[in-house]
Amino acid sequence: MIVLLIGSGGREHALAYKIKQSSLLTKLYMAPGNPGTKKLGENIKLDISKHNGVIDFCLENKVELVVVGPEIPLVNGLANELRKNKILVFGPNKEAADIEGHKTFAKDLMKTYNIPSAGYQKYSSYEFNKANDYLLKCKYPVVLKADGLAAGKGVIICKDKDEAIKSLNEIFIEKIFGDAGNKLVIEEFMYGEEASIFAITDGTDFICLPSAQDHKRIGDNDTGKNTGGMGAYSPAPMVTDEILSQVRTTIIEPVLKALREENRTFVGCLYCGLMLTEEGPKVVEFNCRFGDPETQAVLPLIEGDFLNLLYTAAKGKLDAPDIKYSGGSSVCVIAASKGYPDEYKIGYEIKALDELKDVLCFFSGVKEDSSGKLITSGGRVLCITAVLKELNIKEAKDIAYKELSKISFENIYYRKDISDKAYINFY
Ligand code: AMP
Ligand code: GLY
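What counts and what doesn't
Residues numbered from 1 in each chain as written. Chains lettered and ligands numbered in written order. Predicted model: local features only at pLDDT ≥ 70, side-chain atom pairs only at ≥ 80, totals over all residues. Heavy atoms only, no water. Pairing = 2+ DSSP bridges. Helix = DSSP H or I, 4+ residues; strand = E, 2+ residues; numbered from the N terminus. Axes fitted to C-alpha atoms, helices over the stretch in contact; angles between N-to-C directions. Contact = heavy atoms within 4.5 Å. Phe/Tyr/Trp six-rings, centres within 6.5 Å; stacked < 30°, edge-to-face > 60°. Buried < 20%, exposed > 50% of the residue type's maximum accessible area, 1.4 Å probe, protein only. Lys NZ or Arg CZ within 6 Å of the ring centre and 35° of its normal. Near = heavy atom within 4 Å. Polar contact = N/O pair within 3.5 Å; in protein donor to acceptor, adjacent residues only side chain to side chain. Areas by Shrake-Rupley, 256 points an atom, 1.4 Å probe, with all protein chains shown as cover. Nonpolar A, V, L, I, M, F, W, Y, C, P; charged D, E, K, R; others polar.

Peer 1: Is there a simple way to explain the sheet that holds strand 6 (residues 120-124) in this structure?
Peer 2: Within a beta sheet, neighbouring strands are joined by backbone hydrogen bonds and run either parallel or antiparallel to one another. Read across the open sheet, the four strands follow the order 6-9-7-8; overall the sheet is antiparallel. The open sheet has two edge strands with one neighbour each: strand 6 and strand 8 (155-158). In this sheet, neighbouring strand axes are inclined to one another by 20 degrees on average, regardless of whether the strands run parallel or antiparallel. Where strand 6 meets strand 9 (residues 183-188), five bridges bridge the pair, whose relative direction is antiparallel. In the strand pairing of strand 9, Y123 is matched with L184. Sitting on the sheet, helix 8 (residues 161-172) touches strand 6, strand 7 (142-146), strand 8 and strand 9, and the angle it makes with strand 8 is about 160 degrees.

Peer 1: Looking at this structure, I do not really get the packing of aromatic side chains. What am I missing?
Peer 2: The description of two aromatic rings rests on the distance between their centres and on the angle between their planes. Following the criterion strictly, the structure yields ten aromatic pairs and no others. Ring centres of F189 and Y191 lie 4.7 Å apart, and the angle between their planes is 70 degrees; this geometry places the pair in the edge-to-face category. For F189, a relative accessible area of 27% corresponds to the partly exposed category. Residue classification places Y191 among the exposed residues on the basis of a relative accessible area of 58%. Joined through ring pairs, the aromatic side chains of F90, F198, Y271, F290 and F306 make up one cluster. Sitting above the plane of the Y271 ring, R289 keeps its charged end 5.9 Å from the centroid. Lying across the ring of Y414, K416 places its NZ or CZ 4.7 Å from the centre.

Peer 1: Would you mind going over the site of ligand 1 with me for this structure?
Peer 2: Neighbouring residues of ligand 1: 16 residues in total, closest E187, E188, M190, E194 and E285. In the environment of ligand 1, an oxygen atom lies 2.8 Å from a nitrogen or oxygen atom belonging to the side chain of E285. Here ligand 1 has 470 Å² of accessible area as a free molecule, and 93% of this is covered by the chains. Mapped by element, the contributors of at least two residues to the shell around ligand 1 are strand 7, strand 8, strand 9 and strand 17 (280-287). Classifying every residue of the shell around ligand 1 by side-chain character gives eight nonpolar, one polar and seven charged.

Peer 1: Would you mind going over helix 1 (residues 10-20) with me for this structure?
Peer 2: Owing to its 3.6 residues per turn, the α-helix brings residues three or four apart onto one side. The buried fraction of helix 1 amounts to nine of the eleven residues, a majority that puts the element mostly inside the structure. Residues of helix 1 that are buried: G10, R11, E12, H13, A14, L15, A16, K18 and I19.

Peer 1: For this particular structure, what's the right way to read the sheet that holds strand 2 (residues 27-32)?
Peer 2: Read across the open sheet, the five strands follow the order 3-2-1-4-5; overall the sheet is parallel. Either end of the sheet is taken by a strand with one partner, and the two such strands are strand 3 (42-43) and strand 5 (89-90). In the packing of helix 1 onto the sheet, contacts are made with strand 1 (2-7), strand 2 and strand 4 (65-68), and the angle to strand 1 comes to roughly 165 degrees. Relative to the sheet, helix 11 (residues 306-315) contacts strand 1, strand 4 and strand 5, its axis offset from that of strand 4 by approximately 100 degrees.

All we've got here are geometric facts, nothing functional implied.
Pasting the structure below:
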């Protein structure tokens, strides 16, 4: 099978690593890919925002499956265009991707179809006064969420009225999230542990991959700003069989059915960001694609032909009985550029990658300079994943950090406590 994978981050590097293991694969193209994916297939220069160019490439190169990594092309309708041209694609049409692209849509859908999530209000920017009045009388903390895509930064948790009104001004008047903040969701704050579950679906049937827990804050002990994710581990012990079964019947089945009924059938990976509350699992957010960095922790734990899983889902007839998880564990830690998620410098040489032993290394913000040296090129730079055959998160953590300590680049920063929550709270 000739496959085109869209994207360039750590998530796509992990997807490429897993697709590469398939015996069905004859050729893997990545657009644009990164210096790590170059070793797994062929990186090609394609402007993925130009849908016609992607279609032409697929037709000329007889691509049999396109796998879309990031949300932006999905929300912008790349999958629609590909399907119109009879090119098979793993990833939802934009109508279904709205579940991530418009939080107001996702919240209204969950309310209509009784899918457990936080209570909410929604406002447009011309309703500033109404939103302000609501914030004067509501219960705190509250969570303000920009309606549109904001690279994981569109959520502000406000502990009191002053913070909330300041944030409301920033979103509606100062436009810190641009047009993504033309509408706003104000959500009640949920208490509990967070977990992520990926459902691979053909629109009706689905398979859940092993659960994971992301670490979104920049600092140890979940302090500081939200980031795209600083590390993850899998499986997440709080997602017991009983909880997973609740998630399947109260969240995933009904939301897929709701999307079908609304003529927005979702084909791809539905990312369920969950809060495990005392009242049961509730949805924090849905994403229309694999999570980053959870993918770097989850995929190495899956046995079976992953490409066949994506292919049969894309075909509309999920058929991957060999996909299974048989008890391993993994911890992935992101090495970032100091200063991220705010300002940071790039262009520093990454040293000692060849000294890594028994771990996987996925690139997020890594480039090759003209002399072939690997240099930093982003806020999140790379990810080290330790994978064990048995369930031992503590040992996987030790291996990941031992290996990560070998790597150096100027201004390297990483959290030291990825996965601690698993064994402090649950083992
Ligand atoms: P999101 O981008 O919607 O996943 O939100 C980013 C982070 O904000 C989540 O991972 C949670 O830690 C937190 N968060 C979002 N919504 C809520 C909520 N209603 N209650 C508590 N925490 C939340
Ligand atoms: N890890 C969170 C996300 O991918 O949105």
